[in-house]
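Structural characterization, general
Next come the chains, spelled out residue by residue.
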Amino acid sequence: MKRVKLNNVIALLMAVVMAVTMFAGIGMSITVRADEGVTLKLHYHREDGNYDGWDVWMWPDGGEGEGIPFEDENGEMVATYSVPAGKTKVGYIVRTQDWDKDVDMDQFIDLSEVVSGTVHAYVESGVEGCVKEYGEDVMTGTKLKSAVYDGDKAIKIELTGEIDKALLDTFYVSGRLGDIEVTKAELSEKASDTQYFYDLTIGEVLDPNRNYRLGFDGQEFPVNMPIVYSTKEFEDKYTYEGDDLGATVTADKTVFRVWAPTAESVSVNLYESGDSWKKDLTESIEMTKSDKGTWTAEVSKNLAGTYYTYTAVLDGLNVEACDPYARTTGVNGKRAMVIDLDSTDPEGWADDKNPHASESMTDAVIYELHIRDFSVDEKGNIANAGKYTAFTETGTKTEGGNATGIDYIKSLGVTYVHLLPFYDFGSVDENDESQERFNWGYDPVNYNVPEGSYSTDAHDGNVRVKEAKEMVKALHDNGLSVVMDVVYNHVYSGKDFCINRLVPGYFSRINADGTYSNGSGCGNDTASERSMVKKYIVDSVCYWADEYHINGFRFDLVGLIDVDTINEIVEKVHESHPDVIFYGEGWSMNTDLTKENVTMATQQSSEKTPGFAYFNDNIRDGLKGSVFNTAEVGWASGARNAERAMTASFLANETWSKNPSQIIQYASCHDNNTLFDRIAGSRTDLNEESWIKMNNLAAAFYMTSEGVPFMQAGEEILRTKVKDDGSFDSNSYSSGDEVNSIKWENLDDPKYRENLEFYKGLIAFRKEHALLRLSSGDEVTARVKAVEGLDKNVLAFVMDNSDKTLEGESAEQIFLAFNPNETETTIALPEGEWNVYVKGNKAGTEVIENVSGSVTVEPISAVVLVKGEIVSGLRQQGQEQGQSQGGLVDFWRGLWDNLKRFFS
């Protein structure tokens, strides 16, 4: 192995060998395929010798990343990475699976001069940078970085350096059908002292559906062809509008249809099993070219239970892929399965209904939950731990007799259970039962297939479908609507995704240089603006609503999806299911669109997507501090001068929307720290009692605000995620059960029980009062006013129903006061007698006390009062006063006072 500085010697020796052979009259030609040429080996050393759980995340500059495991090579831990063609540097992060980084920064290895061969990079734990060495097989020199065909007779290339004019005559283009002449090569006008661009003229127009290679000075490099998929011509010719893609099975036949417009031929392969490693192909059936780029095959029998794939011939190469419209699969989603969906319906499925179908968006109280987190903790005594069927178990309790599982969620009072992704995702090996299998699942593989690791048998395609339906049915039977978390903005692997295999690169936004657009940060962005991508997403959402009775969809990073696609989804789903709700992350993100004049579904575009709601990061960060700076405090944890922003958030009056039906109000979700951890981490100067008060002040604020309240599961019992080193885990996507599971045993601790009761009371109070659930900005403006003249940082609001015209509201007025200060404050009340329903650590629909004139708000707490709610106030006033020190005298006095108010 030679050091870098000795590489010139290697080059010199090679030149001598070539000269000698030429002198001797012997022809010699060495061609290096650039896309197979450079191998990077990263050697990692730790003083403690403990490599368990460590790997290296590597990515080509501008490309998709992947985790590369370390393997023992002669006593050294080595990760081996094949460098994609033309890449001049590779990024790396040595990390654990839960993203603890050895060095907390992105680092890069320069490969700009390496044409081919093996490069070794030596990394010492805790030390920035690496020592780079070249293997003896390394060839260096000027290399091709990119070659882009312009759609006519020109190819624009970029090199790593300037070349001698004599080499301009050495360029050639090759394809499967032969070579294409390069008639001219010259330095481009775009070239500079640091960028080396050349323009090549070729003898004929290239076929955009074929693969070509550019040869130069012993190298070959793939030519990036123009993306024709987004052109009007392509879409007019190949947009298929039928509803029969996939496998359609009846009693006497099975029909397959797949969209593969660029394929030369397609066949459907039938297998005995869904285990992709088994060589159990029973038949391969040639498909017939059909309408709009589709291919069909019909088998005259019912193939339910048969596994299958498609093989497309693309530019002479056989490419096998799962069916994009697969309804179920075998283990790990490699082979689709023909399925009789009716046979998977649970008992009573035909009569299954959305329990909250008649309610408005702002009536929802959404509870975000991971399927495995819900049941895997053994203290919950749930038999089907980590499975869909855990939701079907009732009567489960802690050792102390407190309800767990679905009984617990039902008693909490939430109306929608938002389930983190349960389509088939790629980060969990469904075939490996030997290890803890945990991931949030934001890495789609098969969009229309339930995840197998949550089923009791991932090998049988029927089981995952049946059990996912049983889960939904159980939730509905317990009065809980179901939201599905969907991730259409990116896929697990851009190059391996089924659509991209059958129609190369179609599903993703790919740049001119062949790299994937990566606004998602996950390696690839979905080209939703293309007609068949849009159709696929719309069909997928409709399928889940129809077949699985899903009542809502939360869209991950919806700011990468265009508004036309989102609006078509809402329209199509609402044709059959007008009660389904939609919301998502409307962050503005950079992505390279494949069409012009496309508007993305961001917060700022909310008026263009009237049936779609967006998460409100203003209230989230305003309450507890920015998610990007965990040392920063929020209004609830001690920030100053936040009154104006927090008032706007409470009123659902943001710059991007003033429609409460489009604003999701929350303080925590699966991303970043839990609410309790975020507060504790930024206020290390305080004790747990203060942290709990801040947690509950934040909860009281967003739970009584206008808009749609949303909470992370476990927030109500002060959920915390603590790593082995005692620090809080802010990105627990793969951290495992110990960190992520709901800790059911905490319910037996009075501290957590008290907090749970506070949340239950807030939810019950919200559901009792329509004034908290106004559905338009005009209603909010007319009925809700901020109170002025308060102590610094204190906020208060009056909600008014004096005209008694608000349907479902019995109160005349509601007064809400929030004090984040560490001292109490006294606030003047509007005229009249007021019943207190929220105070300190108490909340609910029963009166705590009566006040008039003013109310004192304890430090770091909220108070909520109601005027004019006679019936419930009368009942509870009598109960409370009948038990007070004044005995029956106080009871009857309170009863008389309430009767006077009623008849006046």
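The paragraphs below set out a description of the structure included in this document.

The antiparallel open sheet is built from four strands, whose spatial order is 5-4-8-9. The open sheet has two free edges, formed respectively by strand 5 (66–69) and strand 9 (107–110), since each of these has just one partner strand. Adjacent strand axes in the sheet meet at a mean angle of 35° when their direction is disregarded. As judged from the four bridges shared by strand 4 (residues 54–60) and strand 5, these two strands associate in the antiparallel manner. Following the sheet pairing, Val56 is matched in strand 5 by Ile68.

Within the closed barrel, the eight strands sit side by side as 30-31-34-35-36-37-38-39. Their pairing is parallel. Neighbouring strand axes in the sheet, compared pairwise and without regard to direction, differ in orientation by 30° on average. Two elements, strand 30 (residues 366–369) and strand 31 (residues 416–419), share four bridges in a ladder whose sense is parallel. In the strand pairing of strand 31, Leu369 is matched with Leu419. Helix 8 (residues 563–576) rests against strand 35 (552–555) and strand 36 (581–584) of the sheet, and its axis sits at about 160° to strand 36.

Turning our attention to the environment of Val533. Mapped onto the fold, Val533 is located in helix 7 (residues 531–547). In the structure, Val533 is positioned 249 residues away from Ser284 in sequence and 27 Å away in space, judged by C-alpha atoms. With residues up to four places along the chain from it excluded, the contact list for Val533 reads Tyr506, Phe507, Thr526, Ala527 and Ser528.

What follows is about a negative patch on the surface. Judged by side-chain charge, Glu378, Glu399, Glu745, Asp748 and Asp749 come together as a negatively charged surface patch. Turning to its location among the elements, Asp749 is positioned in the loop between helix 13 (737–740) and helix 14 (750–768).

Quick look at the packing of aromatic side chains now. In the structure shown here, the tally under the stated rule is 51 aromatic pairs. Ring centres of Tyr543 and Tyr548 lie 6.0 Å apart, and the angle between their planes is 80°; this geometry places the pair in the edge-to-face category. Exposure remark for Tyr543: the relative accessible area of 7% places this residue in the buried category. What links up through ring pairs into an aromatic cluster is the set Tyr325, Tyr423, Tyr447, Tyr488, Phe497, Phe507, Tyr536, Phe555, Phe612, Tyr614 and Trp656. The ring of Phe197 has Lys190 lying over it, and the distance from NZ or CZ to the ring centre is 4.9 Å. Lying across the ring of Tyr506, Arg530 places its NZ or CZ 5.5 Å from the centre.

So, on to the pattern of salt bridges. With the rule as written, the count across this model stands at 45 salt bridges. In this structure, the salt-bridge partner of Glu470 is Lys466, at a minimum N-O distance of 2.4 Å. Here the residue Glu470 and the residue Lys466 both occupy positions in helix 5 (residues 461–477), the gap between them amounting to four residues, near one helical turn. Judged by its relative accessible area of 18%, Glu470 falls in the buried class. Of the charged contacts, one joins Lys760 and Glu757 as a salt bridge, the two residues approaching to 3.5 Å between their closest N and O atoms. Of this pair, Lys760 and Glu757 both sit in helix 14, three residues apart, roughly one helical turn. Here the salt bridges share partners, and the residues they tie into one network are Arg176, Asp207, Arg210, Glu264 and Asp315.

The rules we used
- Residues numbered from 1 in each chain as written.
- Predicted model: local features only at pLDDT ≥ 70, side-chain atom pairs only at ≥ 80, totals over all residues.
- Heavy atoms only, no water.
- Pairing = 2+ DSSP bridges.
- Helix = DSSP H or I, 4+ residues; strand = E, 2+ residues; numbered from the N terminus.
- Axes fitted to C-alpha atoms, helices over the stretch in contact; angles between N-to-C directions.
- Contact = heavy atoms within 4.5 Å.
- Patch = residues over 30% accessible without salt bridge, like charges linked within 9 Å, V, L, I, M, F, W, Y side chains within 5 Å.
- Areas by Shrake-Rupley, 256 points an atom, 1.4 Å probe, with all protein chains shown as cover.
- Salt bridge = Lys/Arg side-chain N within 4 Å of Asp/Glu carboxyl O.
- Lys, Arg positive; Asp, Glu negative; His and termini not counted.
- Charge placed at Lys NZ, Arg CZ, Asp CG, Glu CD.
- Phe/Tyr/Trp six-rings, centres within 6.5 Å; stacked < 30°, edge-to-face > 60°.
- Buried < 20%, exposed > 50% of the residue type's maximum accessible area, 1.4 Å probe, protein only.
- Lys NZ or Arg CZ within 6 Å of the ring centre and 35° of its normal.

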